[in-house]
Amino acid sequence: MSSRFDAVVVGAGPAGSIAALLLARSGARVALVDKAAFPRDKACGDLVGPRGVQVLADLGLQVPDAGQGSDLLAVGPSGRRSRLPAFTGRSYPGHGIIVPRLALDHTLREAAVQAGAVPVRARITAIEAGRDRTVDAVIASDGQRLAGDAVIAADGALSPVARLAGMLDSDTALWGFAIRAYVPAEVPLPLLVLLDASPWRIYPGYGWLFPGEKGQANVGIGVGLGNRRRQASLRGDLARLITLLSQAGDLSADAQPGPVMGGWLRMGGTGTPSAAGNVLLAGDAAGLINPLQGEGIGPAMVSARLAAEAVLAGPVRAGPAYTEAIEAEFGPYMAGASALQAALLRKPRTTSAVTRLLTAPVVRRAVAGTWSIYWNGLVDGARPRPSAWTARAVQILAARTARHG
């Protein structure tokens, strides 16, 4: 069976559904393809950052918010905590939101379908190549042929479409892996935990404890793997994190996590070009996960909007236009943050000392605002204030380091 569309969107997570929604609202005939039956769950911290919240507001979308994520507590290896303030920017609100992926993804997909996107349940296993690096159609395992003037791949960090189109270079990607579970707890503020793997040697990743709905908090841990995608056994690390949180009083001593889910991360805009021919990569498929704190939902939504706008402006120029837009939106931050993450992972003793210093009583008050703005990728669009100016200086320095590294 063959069907023809203006655009085929592969992957119905936040990126794919936002792209399909915008295309359908503008009158495009769009297929929204996913291998799963919805609602379905995903391994995630469930925290949508300010830029993602702004996209939802701009599109008039209501999601089942389980609570606001405003200020964040960063916990250092010493156990000291620094409260990172949330600032309202010129182009984003001063808070995130907490939404379980089971609910978020289902809501966004339903909105896209109601706007006119054609839902297709299929696993994409092949592509039909055209001329000049274009893709005429994607082919499903059941034989369905879905043709489109443009293909938006929002199918995750391992992106089958990117791999089939020859766009994925695993050796240049910055990989990570994370697991999460739900645990009974009332959490007043999101916690992001930087801990030592052994005394004065930083753990090559981060842990988290985020508020959730109905008394169920989201607890998880992620690890950076550098340029090698390899299995990471994190259940023991998660158990250790839960023990530390229990000792600190964030979880009860008898708190038991539920089922554990895991997923790959591709960070820093690495491993693929953002577009090739008429194939545009959005969200995790483009590697748009913050290398420093692991956020992916906000960047996914922003990139989806840029992809849809590029296709609507004209499929012939969509690839180059999208590439330019992604570079302008994410390039300076992602490149510098990737270089900084790589440098921190290479020097675990120095990094342990630095994170202890950042959460020390005197220093944390001086750097909390700068840390918050830069770490969360909010420099661009920040309102003028001293912490924003110093965060911009950090971003410029990190980007310069990346260029000359």
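Residues numbered from 1 in each chain as written. Predicted model: local features only at pLDDT ≥ 70, side-chain atom pairs only at ≥ 80, totals over all residues. Heavy atoms only, no water.

Student: Hey, could you run me through the overall build of the protein in this one?
Tutor: Per the secondary structure count, the protein includes ten helices and 20 strands. Here the C-alpha coordinates of the protein stretch approximately 60 × 45 × 40 Å along the principal axes. Going through the 405 residues of the protein one by one, you find that 55% of them count as buried. Taken as a whole, the protein presents about 16,900 Å² of accessible surface, with 54% of it coming from carbon and sulfur. Between the centroid of the 41 positive side chains of the protein and the centroid of its 30 negative side chains there is a distance of 7 Å. (Helix = DSSP H or I, 4+ residues; strand = E, 2+ residues; numbered from the N terminus. Buried < 20%, exposed > 50% of the residue type's maximum accessible area, 1.4 Å probe, protein only. Areas by Shrake-Rupley, 256 points an atom, 1.4 Å probe, with all protein chains shown as cover. Lys, Arg positive; Asp, Glu negative; His and termini not counted. Charge placed at Lys NZ, Arg CZ, Asp CG, Glu CD.)

Student: Can you help me understand the packing of helix α6 (residues 297-313) against helix α7 (residues 318-346) in this one?
Tutor: The relative placement of two packed helices comes down to the angle between their axes together with the axis-to-axis distance. The geometry of α6 relative to α7 is characterised by a closest axis approach of 9 Å and an angle of 150 degrees between their N-to-C directions. In terms of orientation, α6 and α7 fall into the roughly antiparallel class. As for the relative orientation of α6 and α7, their crossing is right-handed in sense. Residues P299, V302, S303, L306, A307, A310 and V311 of α6 lie in contact with α7, whose contacting residues are A318, A321, Y322, A325, I326, E329 and F330. Partitioned by chemical class, the residues of the contact of α6 with α7 number twelve nonpolar, one polar and one charged. (Axes fitted to C-alpha atoms, helices over the stretch in contact; angles between N-to-C directions. Parallel < 35°, antiparallel > 145°, perpendicular 65-115°, else oblique. Left-handed = near helix turned anticlockwise from the far one by under 90°. Contact = heavy atoms within 4.5 Å. Nonpolar A, V, L, I, M, F, W, Y, C, P; charged D, E, K, R; others polar.)

Student: Would you mind going over the sheet that holds strand β3 (residues 47-48) with me for this structure?
Tutor: Backbone hydrogen bonds hold the strands of a sheet together, and the pairing may be parallel or antiparallel. Reading across from one edge, β3-β7-β4 is the order of the three strands in this open sheet, with antiparallel pairing throughout. Every interior strand has two partners, whereas the edge strands, β3 and β4 (67-69), have only one. When β4 meets strand β7 (residues 96-98), the two strands line up antiparallel, connected through three bridges. Residue pairing for β7: G69 is matched across the bridge by G96. Packing of helix α2 (residues 50-58) onto the sheet brings it into contact with β3 and β7, and relative to β7 it is tilted by some 85 degrees. (Pairing = 2+ DSSP bridges.)

Student: Even after reading the chapter, I still don't get the sheet that holds strand β18 (residues 261-267), so can you show me in this structure?
Tutor: Spatial strand order, β6-β5-β13-β16-β17-β12-β18: seven strands in an open sheet with mixed pairing. The two strands at the open ends of the sheet, each matched to only one other strand, are β6 (81-84) and β18. Strand-to-strand twist in this sheet, taken as the mean axis angle between neighbours without regard to direction, amounts to 20 degrees. Inspection of the sheet shows strand β12 (residues 174-184) paired to strand β17 (residues 216-226) by ten bridges, in the antiparallel sense. Following the sheet pairing, I179 is matched in β17 by I221. Packed onto the sheet, helix α5 (residues 235-247) meets β12, β13 (191-193), β16 (205-210) and β17 and runs at close to 130 degrees relative to β17.

Student: Where do I start with the nonpolar core in this structure?
Tutor: As a rule of thumb, nonpolar side chains are buried together in soluble globular proteins. Ranked by internal contacts, the top residues of the largest apolar core, which has 102 residues, are I18, L23, I152, L280 and Y322. The leading source of residues in this core is α6, at ten residues. The residues contacting L280, other than those within four sequence positions of it, are V151, I152, A153, S274, A275, A307, A310, V311, A318, G319 and Y322. A173, A185, L191 and V193 belong to the second largest nonpolar core, which has 31 residues in total. (Core = buried A, V, L, I, M, F, W, Y, C linked by side-chain atoms within 4.5 Å.)

Student: What's the story with the side chain of T355 in this structure? I'm lost.
Tutor: Within the secondary structure, T355 sits in helix α8 (residues 348-358). Given a relative accessible area of 8%, T355 falls into the buried group. Not counting residues within four places of it along the chain, the set of residues in contact with T355 comprises P77, L194 and I202.

Student: Teacher, can you tell me more about the pattern of salt bridges here?
Tutor: Per the counting criterion, the structure on display carries twelve salt bridges. A salt bridge links D250 to R81; its shortest N-O distance comes to 2.4 Å. Of this pair, D250 sits in the loop between α5 and β18 while R81 sits in strand β6, and the two are 169 residues apart along the sequence. With a relative accessible area of 26%, R81 lands in the partly exposed category. (Salt bridge = Lys/Arg side-chain N within 4 Å of Asp/Glu carboxyl O.)

Student: Looking at this model, I keep getting lost on the environment of A353. Mind explaining?
Tutor: You can see A353 is positioned in helix α8. A353 sits 27 residues away from D380 along the chain, and the two C-alpha atoms are 29 Å apart.

Student: Can you help me understand the packing of aromatic side chains in this one?
Tutor: Any pair of aromatic rings gets described here by the distance separating the centres and the angle formed by the planes. According to the stated counting rule, one finds six aromatic pairs in the structure shown. Ring plane angle 70 degrees and centroid distance 4.8 Å describe the contact between F177 and W264, whose orientation is recorded as edge-to-face. Of the two residues, F177 is situated in strand β12 and W264 in strand β18; the sequence distance between them amounts to 87 residues. With a relative accessible area of 13%, F177 lands in the buried category. With a relative accessible area of 19%, W264 lands in the buried category. Within the aromatic cluster, the residues linked to one another by ring pairs are W175, F177 and W264. It is R229 that lies over the ring of W264; its NZ or CZ is 4.9 Å from the centre. (Phe/Tyr/Trp six-rings, centres within 6.5 Å; stacked < 30°, edge-to-face > 60°. Lys NZ or Arg CZ within 6 Å of the ring centre and 35° of its normal.)

Student: Could you clarify how one ought to interpret the pairing of strand β5 (residues 72-75) in this entry?
Tutor: Remember that side chains alternate between the two faces of the sheet whenever the strand is regular. The alternating pattern of β5 places L72 and A74 on one face and L73 and V75 on the opposite face, and all of these are buried. Taken together, β5 and the strand that follows it, β6, pair antiparallel across an intervening segment of five residues, in which G79 is found at a positive phi of about 95 degrees. Note that β5 and β13 share three bridges and pair parallel. Paired with A74 across the two strands is L192, which belongs to β13.

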